[in-house]
Amino acid sequence: MSQIQGRTYANIFGLVERFINAKVLELGRDHALGDQEAVEALVRFSDEELKHQALFRRVEAMVGEVLPDGYRFDIDPDAVARVVLGKCTWAVLVLTLDIELFTQAHYRQSIDPDAELSGLFKDVFLYHWKEECQHAILDELELARHDATLMAKGRDRAVDEFIEQPMPATLSPIAGARSAPTRRGRSRPPSSLPIAGNTSIRGPGIRISPRCSPA
């Protein structure tokens, strides 16, 4: 992900949060007449994802005012969302968790320690990281709940559907750009910031051990 221009990086997050929010709203209905704390947590999750979409639209507008003309991000968020949401819930939840975990890892290893980045750009992704840290824990809880309903064959099919989905990194080459070339990433030591979640798939089930305490 360090090889993607910062403008495109922000646009990709605005894109994936379209289908993440749609799935979170769907999951909230599962708890509507039961665990009201779960409903509240997912409603807040959805509200934050809507806020993130607005944030990245604003970032795009601000960057567009100062960079040369010619940049395009021609991927339709709704079209991607329809493809992803056409897969089973297990596959969508695993993709969502994958995105939110690598978001945190990438912030720690590439954005946080880079003294040459714009301070505003770093702040955007710092506060994005803080909320994604909480979202990853909710993803794990919902994934464990859904995984418990599957038999081995159903889980195997779900893994196939997960593999079939468009991954965020594969979207970047088709986002046309004629602006300044990306500065290539360098190997950096990770910062001390934590990453939420510790999901591992073992046999037929999933072991969950969430851990995060964002500042």
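Residues numbered from 1 in each chain as written. Predicted model: local features only at pLDDT ≥ 70, side-chain atom pairs only at ≥ 80, totals over all residues. Heavy atoms only, no water.

## Observations regarding the layout of surface pockets
1) Next: Quantified by volume, the second largest pocket comes out at close to 220 Å³.
2) Next: In terms of lining residues, the second largest pocket is bounded by 13 residues, among which Asn11, Gly14, Arg57, Phe73 and Pro77 are the most central.
3) Next: Secondary-structure elements contributing two or more residues to the lining of the second largest pocket are helix 1 (6-31) and helix 2 (36-66).
4) Next: For the lining of the second largest pocket, the element with the most residues is helix 1, which contributes five residues. (1 Å grid on protein atoms, 1.4 Å probe; cavity = no way out; pocket = protein on both sides within 12 Å on 5 of 7 lines; lining within 4 Å. Points joined across faces, edges and corners; volume = space filled by probe spheres on them. Helix = DSSP H or I, 4+ residues; strand = E, 2+ residues; numbered from the N terminus.)

## A closer look at the packing of helix 4 (residues 89-111) against helix 6 (residues 152-164)
1) Next: Interaxial distance between helix 4 and helix 6 falls to 8 Å at its minimum, and their mutual angle equals 50°. Viewed along their axes, helix 4 and helix 6 adopt a mutual orientation that is oblique. For the crossing formed where helix 4 meets helix 6, the hand is right-handed. Contacts between helix 4 and helix 6 involve Trp90, Ala91, Val94 and Leu95 from the former and Arg155, Ala158, Val159, Glu161 and Phe162 from the latter.
2) Next: Taken together, the residues that form the contact of helix 4 with helix 6 break down as seven nonpolar, no polar and two charged. (Axes fitted to C-alpha atoms, helices over the stretch in contact; angles between N-to-C directions. Parallel < 35°, antiparallel > 145°, perpendicular 65-115°, else oblique. Left-handed = near helix turned anticlockwise from the far one by under 90°. Contact = heavy atoms within 4.5 Å. Nonpolar A, V, L, I, M, F, W, Y, C, P; charged D, E, K, R; others polar.)

## A word on the confidence of the model for the protein
1) Next: Chain-level pLDDT for the protein is 79 on average; 75% of the residues reach the 70-or-more range.
2) Next: Per-element mean pLDDT across the protein ranges from 36 in strand 1 (residues 200-202) up to 93 in helix 2.
3) Next: Note on residues 197-215: pLDDT is under 50 here. Beyond four places in sequence and across chains, it has 39 contacts. (pLDDT = per-residue confidence, 0-100.)

## A short note on the pattern of salt bridges
1) Next: This model, assessed by the stated rule, comprises 10 salt bridges.
2) Next: Glu26 is paired through a salt bridge with Lys23; the nearest N and O atoms lie 3.0 Å apart. In this pair, Glu26 and Lys23 both sit in helix 1, three residues apart, roughly one turn of the helix.
3) Next: With a shortest N-O distance of 2.7 Å, Asp147 and Arg155 are connected by a salt bridge.
4) Next: Residue class for Asp147 comes out buried when judged on its relative accessible area of 4%. (Salt bridge = Lys/Arg side-chain N within 4 Å of Asp/Glu carboxyl O. Buried < 20%, exposed > 50% of the residue type's maximum accessible area, 1.4 Å probe, protein only.)

## A short note on the packing of helix 1 against helix 3 (residues 77-85)
1) Next: One can describe the packing of helix 1 onto helix 3 by two numbers: an axis separation of 8 Å at closest approach and a directional angle of 45°. The orientation of helix 1 with respect to helix 3, classified from their angle, is oblique. Like other packed secondary-structure pairs, helix 1 and helix 3 cross with a definite hand, here right-handed. Contacts from Leu15, Arg18, Phe19, Ala22 and Lys23 of helix 1 reach helix 3 at Pro77, Asp78, Val80, Ala81, Val84 and Leu85.
2) Next: In terms of residue class, the contact of helix 1 with helix 3 is built from eight nonpolar, no polar and three charged.

## Quick word on the nonpolar core
1) Next: Among the nonpolar cores identified, the biggest contains 37 residues, and Phe13, Val16, Phe19 and Phe125 are the most heavily contacted of them.
2) Next: Elements that contribute at least two residues to this core include exactly helix 1, helix 2, helix 3, helix 4, helix 5 (119-147) and helix 6.
3) Next: Beyond its immediate stretch of four places on either side in the chain, Phe125 contacts Tyr9, Ala10, Phe13, Phe56, Tyr107 and Ile111. (Core = buried A, V, L, I, M, F, W, Y, C linked by side-chain atoms within 4.5 Å.)

## Let's talk about the packing of aromatic side chains
1) Next: Enumeration over the complete set of coordinates arrives at eight aromatic pairs.
2) Next: Between Tyr9 and Phe125 the ring centres are 5.2 Å apart and the planes differ by 40°, which places this aromatic pair in the tilted class. Remark: Phe125 occurs in helix 5 and Tyr9 occurs in helix 1; sequence separation between them is 116 residues. In this structure, Tyr9 and Phe125 share a single accessibility class: buried.
3) Next: Aromatic side chains Phe56 and Phe125 sit 5.6 Å apart centroid to centroid with 35° between the ring planes, which places their arrangement in the tilted category. One end of the pair, Phe56, is in helix 2; the other, Phe125, is in helix 5, with 69 residues separating them in the sequence.
4) Next: Judged by its relative accessible area of 2%, Phe56 falls in the buried class. (Phe/Tyr/Trp six-rings, centres within 6.5 Å; stacked < 30°, edge-to-face > 60°.)

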